[in-house]
Amino acid sequence: MASRSSVARANNTNTQGKICQFKLVLLGESAVGKSSLVLRFVKGQFHEYQESTIGAAFLTQTVCLQDITVKFEIWDTAGQERYHSLAPMYYRGAQAAIVVYDITNQDTFTRAKTWVKELQRQASPNIVIALAGNKADLSNKRMVEHDEAAAYSEENGLLFSEC
């Protein structure tokens, strides 16, 4: 997720043998797979059907990177429009955000760009933003080209991956 040097920069401290704690928020439209990504990362699980998140779900995950222990406090936000007004409460104070879209749905990519703009405008100026194109296993139904999303990410200084 983050390289050792970016972890040290994010906390702006000497992290030799220390525990670093980061608030991470996931944003994106409903049904793009935010909860599935988080459950895979935290519990190693995948469920074919996942209930919609209401408000937000909170999970933690600890990762050891050489001599650094990184603890992620993960806020998995609801994607339904009626919960959009709550999003600033979740990304306030976040050191990292993952904006997720569904590669089989162009509208979710368009909406992801709106989330990125909002984060760039209102979140912490040092926030690390990643763009994640989810549902890569459905590439035969792809509507958002990898190169298009990669170019957008590069232009906007985002980390990018398909998953």
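Residues numbered from 1 in each chain as written. Predicted model: local features only at pLDDT ≥ 70, side-chain atom pairs only at ≥ 80, totals over all residues. Heavy atoms only, no water.

Reading the Sequence similarities (unreviewed entry) entry of the UniProt record for the protein gives the comment "Belongs to the small GTPase superfamily. Rab family." (UniProt positions renumbered as here; feature names shortened; annotations may be inferred.)

### Observations regarding the packing of aromatic side chains
Per the counting criterion, the structure on display carries four aromatic pairs. Both rings, one in Phe 22 and one in Phe 72, keep their centres 6.5 Å apart while their planes meet at 40°; by these two values the pair is tilted. In this pair, Phe 22 is assigned in strand E1 (residues 19-28) and Phe 72 in strand E3 (residues 68-77), connecting sequence segments 50 residues apart. No difference in accessibility class separates Phe 22 from Phe 72, as the two residues are buried. An aromatic cluster is built from Phe 22, Phe 41 and Phe 72, whose rings are joined through pairwise contacts. (Phe/Tyr/Trp six-rings, centres within 6.5 Å; stacked < 30°, edge-to-face > 60°. Helix = DSSP H or I, 4+ residues; strand = E, 2+ residues; numbered from the N terminus. Buried < 20%, exposed > 50% of the residue type's maximum accessible area, 1.4 Å probe, protein only.)

### Regarding unusual backbone geometry
The phi torsion at Ala 31 lies on the positive side, around 70°, for a residue other than glycine. Following the sequence through the fold, Ala 31 ends up in the loop between E1 and helix H2 (34-43). Under the relative-accessibility criterion, Ala 31 is labelled exposed at 59%.

### Quick look at the pattern of salt bridges
Taken as a whole, this structure holds three salt bridges when the rule is applied. The shortest N-O distance in the salt bridge between Lys 135 and Asp 102 comes to 3.3 Å. Of this pair, Lys 135 sits in the loop between strand E5 (128-134) and helix H5 (146-155) while Asp 102 sits in strand E4 (residues 96-102), placing them 33 residues apart in sequence. What makes Lys 135 partly exposed here is its relative accessible area of 22%. Among the ionic pairs, Glu 162 bridges to Arg 142, the shortest N-O distance being 2.8 Å. Pair noted here: Glu 162 is in strand E6 (residues 159-162) and Arg 142 is in the loop between E5 and H5, with a separation of 20 residues, a long-range link. (Salt bridge = Lys/Arg side-chain N within 4 Å of Asp/Glu carboxyl O.)

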